[in-house]
Structure formats: C-alpha cells, structure tokens
Amino acid sequence: MELLIQSLRHRFFHANCDPLFFEDELKRLKHTIHSLVVDGIGGSLLIIGRRGVGKRRLLSQALNEVKKNPTVEENLMEVHLDGLIHTDDRAALRAMAKQLHREALLDESFSESGKNDTNKPRFLPFSQQLTWFLEGLHAGDKSSKSLLIVLHEFDLFALHRNQILLYNLFDCCQQSGTPVCVIGVTCRLILVLTSLDAEKTHIEPVEFIDALCSLREDAKLNSLKGLSILELFLVAALVKLQEINDGQTVNFEILYSEYAKFCRTNCPNYLYDKPVVFKSLDNLIDLELVTSGKEAVAVAAASGTGRGGNAGVATLPHYKPLYCFVNADVLSSCLDAYPNCPVELQFWIHSRTF
C-alpha cells in the first residue's frame with residue numbers, strides 16, 4: 001500500500017508531460033533566460049494564467065531546457081519566492097539571502113549601521129537592509145553570475161505596503177552590474193483583462209502593481225461597509241484627527257476624547273463607555289484599517305506628512321500611537337452607501353470643520 005501511495009504521489013507531483021499549446025510562451029521564456037545569462041540582459045516578465053493550467057510547469061520546462069547549455073547551468077543563480085509564504089518584504093529579503101547563501105550581507109549591513117546593542121539585523125529599517133543587499137549583489141565584476149528571481153503568487157507581493165521590494169528589484173533589472181531578471185507568476189486574470197484593449201496585448205509588471213493597488217482600495221471600501229456604527233465613528237474621528245494634525249499619530253485617549261465630545265454635542269445615543277470603544281478599536285486593528293505601536297509611527301513617517309520621531313513608543317495600551325489607513329474620500333464613499341447611516345456622522349465627515 002505504501003508503494004502504491006508513493007507511486008501515485010510521484011505521478012501527481014512529478015509529471016513528465018510537456019505543456020501543450022504554449023510553444024510561443026515557452027520560446028519567449030527560454031529566450032529571456034538565455035539572454036540573461038549569455039548576453040547579460042536583465043528584464044522582467046509576467047506569467048499569467050488560471051490556476052492549474054501549468055504556469056509553474058512551463059517555467060520549469062524552460063529552465064530545464066535552457067540549462068542543457070553548460071554556460072547557462074554554471075552561471076545562473078535562482079531565487080524562488082512565494083507570496084503565500086513570504087507575506088512581507090522583510091521575510092522575502094531574508095529568504096532571498098538564504099537561497100543565495102548571502103546572509104552575511106545582511107549581517108554586515110547591520111554592523112555598518114553602528115548599532116551594537118544587539119546581534120540581530122532584523123532591527124534595521126527594511127530600506128537599509130534592502131539597499132545594502134542589492135549593492136552587495138552588484139559588487140561583482142563581469143564574471144558575476146546572473147540572478148533569476150521567480151515570484152510565485154506575484155499579486156500578493158504587489159499588495160505589500162509601498163511595494164518597496166518589487167520596485168527596487170525592477171530598478172535592479174535596469175542597472176548595469178550583476179544581470180537580474182524578475183519573473184512573476186500570477187492567476188489574477190480580472191486585472192489583466194481590465195488593463196488590456198485592442199491595441200495593447202500585454203501588460204507590464206509595474207502596471208499590474210498599479211492595478212492591484214486600486215483593487216486594494218476597493219477591498220478597503222468593502223471592509224468599511226461591514227463595520228458597525230461605532231467603528232465608523234472611530235474611523236471618522238481618526239480621519240479628522242489626522243487631517244488636523246498633518247498626518248501625525250494619535251493615541252486612544254485622544255481618540256476617545258474627540259469621539260465623546262462630538263457624540264455628546266450631536267448624537268448622545270451613540271456614546272459608549274471606554275471599554276466598549278477600545279474593543280471596537282481592536283477590531284479595526286485586526287481588519288488592518290488601523291495600525292498601532294511602532295508600525296504606526298513608521299507609517300506616519302513614511303507618508304511624508306507625519307513626523308516619525310525618535311522618541312520611545314508608549315507601551316500602555318491606551319497610549320500607543322494609532323494611524324488610520326482610510327482617507328476621507330474612501331470613508332465618504334462608504335458612508336454614502338451605508339444603510340441607515342446616522343445623518344450626524346455623514347455631516348461630520350463631509351464637513352470642513354471638526
């Protein structure tokens with residue numbers, strides 16, 4: 001019985017059949033990889049298709065056929081990342097360094113930063129780690145090996161906040177030095193169909209990222225539609241506070257004070273006690289509409305309007321920094337379509353005054 005299971009497992013997961021009807025796609029893949037290694041030409045390519053049509057099998061066959069050339073076999077380095085596993089840019093960078101046996105680059109980037117209070121480079125800002133790592137890859141001469149980076153579930157990487165890793169990798173493809181090629185694999189057909197027309201038969205990876213960013217805004221709007229009235233009041237208060245404070249973070253005490261002040265004046269029936277409001281805030285954080293702690297400070301600093309600051313972050317729950325990812329336009333669209341939305345709340349978010 002065990003032999004039968006092993007045989008079936010091998011036939012399911014190690015099929016030797018060649019993909020049919022993809023001759024043109026296979027030829028283009030082989031040409032891209034061959035040009036990367038032999039001619040030193042970097043670039044990017046996106047493989048799009050429904051789940052189960054053989055995208056990974058097609059890529060695997062192209063690699064196997066190209067590697068029959070000894071020059072390609074000896075001078076090609078591969079990195080395979082998966083958006084389902086590497087859920088943030090930092091994890092993807094660490095996995096990339098591990099597959100390339102370049103963990104020392106990240107360790108060196110940490111020692112160069114002058115922070116000797118700990119031996120773990122994860123405390124460095126991600127942008128510094130990424131910059132140092134990419135510079136380390138470009139430090140070789142013309143004999144340096146070519147680098148092929150395959151991003152499975154590419155759409156999930158494109159949904160990472162700010163897409164720092166992707167944009168830096170695309171920039172790396174255009175620079176001289178170590179030849180780099182990025183191949184994305186995705187099944188998000190809807191975005192592609194909306195981006196193509198009769199005169200445009202292909203889509204660039206950067207355009208794909210922009211389309212996914214718009215999709216994320218739609219997902220944010222859908223999340224808002226499922227909130228309770230109290231949670232909408234909290235989001236509105238956070239949006240107003242961030243507008244007044246030029247994007248700076250606030251804490252729960254400030255948030256509750258402004259929420260309570262508005263409710264006492266305009267709609268006392270929607271005023272709740274602090275424990276109830278704090279629980280609703282936790283739900284907003286779980287939905288990733290609001291972030292707290294060090295991440296909130298970092299996001300506010302990265303937005304270009306708020307001040308990140310170097311002061312220590314408060315650890316008491318009611319005084320942790322808060323930052324809301326929802327803007328006034330998205331919230332207004334949600335409230336206009338929200339059933340039985342309080343008139344006071346709609347007036348509050350549409351008004352110019354607090």
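Just so it is clear, the structure is predicted and the values come from calculations on it, not from any experiment. (Residues numbered from 1 in each chain as written. Predicted model: local features only at pLDDT ≥ 70, side-chain atom pairs only at ≥ 80, totals over all residues. Heavy atoms only, no water.)

### What about the overall build of the protein chain?
Note the cut-off: In this text, helices come from DSSP runs of H or I with a minimum length of four residues, and strands from runs of E with a minimum of two, each type numbered from the N-terminal end. Only protein chains enter the accessibility calculation, which uses a 1.4 Å probe. A residue is then buried if its area is under 20% of the maximum for its type, exposed if over 50%, and partly exposed in between. In this description, contact between two residues means that some pair of their heavy atoms is separated by no more than 4.5 Å. In these tables, accessible area is a Shrake-Rupley quantity obtained with a 1.4 Å probe, and a residue counts as shielded only by the protein chains included in the view.
In terms of regular secondary structure, the protein chain is built from 17 helices and six strands. Expressed as a percentage of its 354 residues, the buried residues of the protein chain come to 42%. For the protein chain, contacts bridging at least 24 residues in sequence account for 74% of all contacts bridging at least 6. Total accessible area on the protein chain is roughly 20,000 Å²; 52% of this is exposed by carbon and sulfur atoms.

### Digging into the pairing of strand β3 (residues 146-152)
Cut-off, in case you're wondering: DSSP calls a pair of strands paired once it identifies at least 2 bridges connecting them.
Among the seven residues that make up β3, seven are buried, leaving the element largely enclosed by the rest of the structure. Of the two faces of β3, the one holding S146, L148, V150 and H152 and the one holding L147, I149 and L151 are both buried throughout. As defined by bridge partners, strand β2 (residues 76-82) adjoins β3 across seven bridges and the pair is classed as parallel. Paired with L81 across the strands is L151, a residue of β3. Sheet topology places β3 next to strand β4 (residues 180-186); six bridges connect them, and they run parallel. Among the inter-strand pairings, L151 is bridged to a residue of β4, identified as G184.

### Looking at the nonpolar core
In a soluble, globular protein the nonpolar side chains are often hidden away together inside. The following threshold applies: As used in this record, nonpolar core signifies buried Ala, Val, Leu, Ile, Met, Phe, Trp, Tyr and Cys residues forming a set joined through side-chain atoms within 4.5 Å.
In this structure, F233, V235 and L331 are the most contacted members of the largest nonpolar core, which totals 40 residues. Tallying contributions element by element places helix α12 (residues 229-244) first for this core, with eleven residues. Apart from the residues within four sequence positions on either side, L331 is in contact with L224, L232, V235, A236, V239, V326 and I349. With 22 residues, the next largest nonpolar core counts L81, L151, F157 and F170 among its residues.

### A short note on a nonpolar patch on the surface
Operational definition: Two distance rules govern patches: like charges are joined within 9 Å, and nonpolar side chains (Val, Leu, Ile, Met, Phe, Trp, Tyr) within 5 Å, applied only to residues with over 30% relative accessible area and no salt bridge. The salt bridge criterion pairs a side-chain nitrogen of Lys or Arg with a carboxyl oxygen of Asp or Glu, the two atoms within 4 Å.
Together, M1, L4, I5 and L8 make up an exposed nonpolar region whose accessible area comes to about 410 Å². As for its position among the elements, L8 is in helix α1 (residues 2-13).

### Considerations on the confidence of the model for the protein chain
How we decide: pLDDT runs from 0 to 100 and stands for how confident the predictor is about each residue.
Scored by pLDDT, the protein chain comes out at a mean of 76, with 69% of its residues at no less than 70. Mean pLDDT in the protein chain bottoms out at helix α10 (residues 189-195), which sits at 48, and peaks at helix α13 (residues 252-266), which reaches 92. Here residues 109-123 is a poorly scored stretch, pLDDT under 50, and it has 22 contacts once near neighbours within four places are set aside; other chains count. A low-confidence stretch, residues 190-198 (pLDDT under 50), is modelled with twelve contacts involving residues beyond four sequence positions or located in other chains.

### Notes on helix α14 (residues 274-286)
Put simply, the rule is: Here the expected length of a helix is defined as 1.5 Å per residue gap, with one fewer gap than residues. When we speak of the arc, we mean the arc of directions from the helix axis to the C-beta atoms.
Compared with an ideal rise of 1.5 Å per residue, which puts 13 residues at 18 Å, α14 spans 18 Å between its outermost C-alpha atoms and is within 8% of the ideal. Taken together, the buried positions of α14 are occupied by V277, S280, L281 and L284. Along the axis of α14, the buried residues cluster in a sector spanning 105°; they form a single face. Exposed residues pointing more than 90 degrees away from the buried face of α14 are listed as P275, K279 and D286. Positive backbone phi, at 65°, marks E288, one or two positions downstream of α14.

### Thoughts on the sheet that holds strand β1 (residues 43-48)
The test is simple: Convention adopted: a line fitted to C-alpha atoms gives each axis, helices being fitted over their contacting stretch, and angles between N-to-C directions are expressed from 0 to 180 degrees.
One open sheet holds the four strands; their spatial order is β1-β4-β3-β2, and the pairing between them is parallel. Each edge of the open sheet carries a strand with a single partner, namely β1 and β2. With direction set aside, neighbouring strand axes in the sheet form an average angle of 15°. Bridge count between β1 and β4: six bridges; the pairing is parallel. Bridge pairing links G43 to C181 in β4. Where helix α3 (residues 55-66) meets the sheet, it contacts β1, β2, β3 and β4, and its direction lies at approximately 150° from that of β4. Across the face of the sheet, helix α9 (residues 164-174) comes into contact with β1, β3 and β4 while running at roughly 135° to β4.

### A look at the packing of aromatic side chains
Our working rule: Between rings of Phe, Tyr and Trp, where Trp is taken as its six-membered ring, a pair exists when centres lie within 6.5 Å; planes separated by under 30 degrees are stacked, by over 60 edge-to-face, and by other angles tilted.
This structure, assessed with the given rule, holds nine aromatic pairs. When the ring of F233 is compared with that of F262, the centres are 6.3 Å apart and the planes differ by 50°; the resulting orientation is tilted. Placement of F233 in helix α12 and of F262 in helix α13 is noted, with a sequence separation of 29 residues between them. Within the aromatic cluster, the residues linked to one another by ring pairs are F233, F252, Y256, Y259, F262, Y270, F278 and W348.

### Considerations on the side chain of S35
One can find S35 in helix α2 (residues 23-39). Taking relative accessible area as the criterion, S35 reaches 9% and is therefore assigned buried. Other than its neighbours up to four places away in sequence, S35 contacts G40 and I41.

### With respect to unusual backbone geometry
Positive phi outside glycine occurs at D246, with the angle close to 60°. Accessibility expressed as a relative area gives 52% for D246, which makes it exposed. Phi is positive for N340, close to 60°, though the residue is something other than glycine. Mapped onto the fold, N340 is located in the loop between α16 (328-337) and α17 (343-350).

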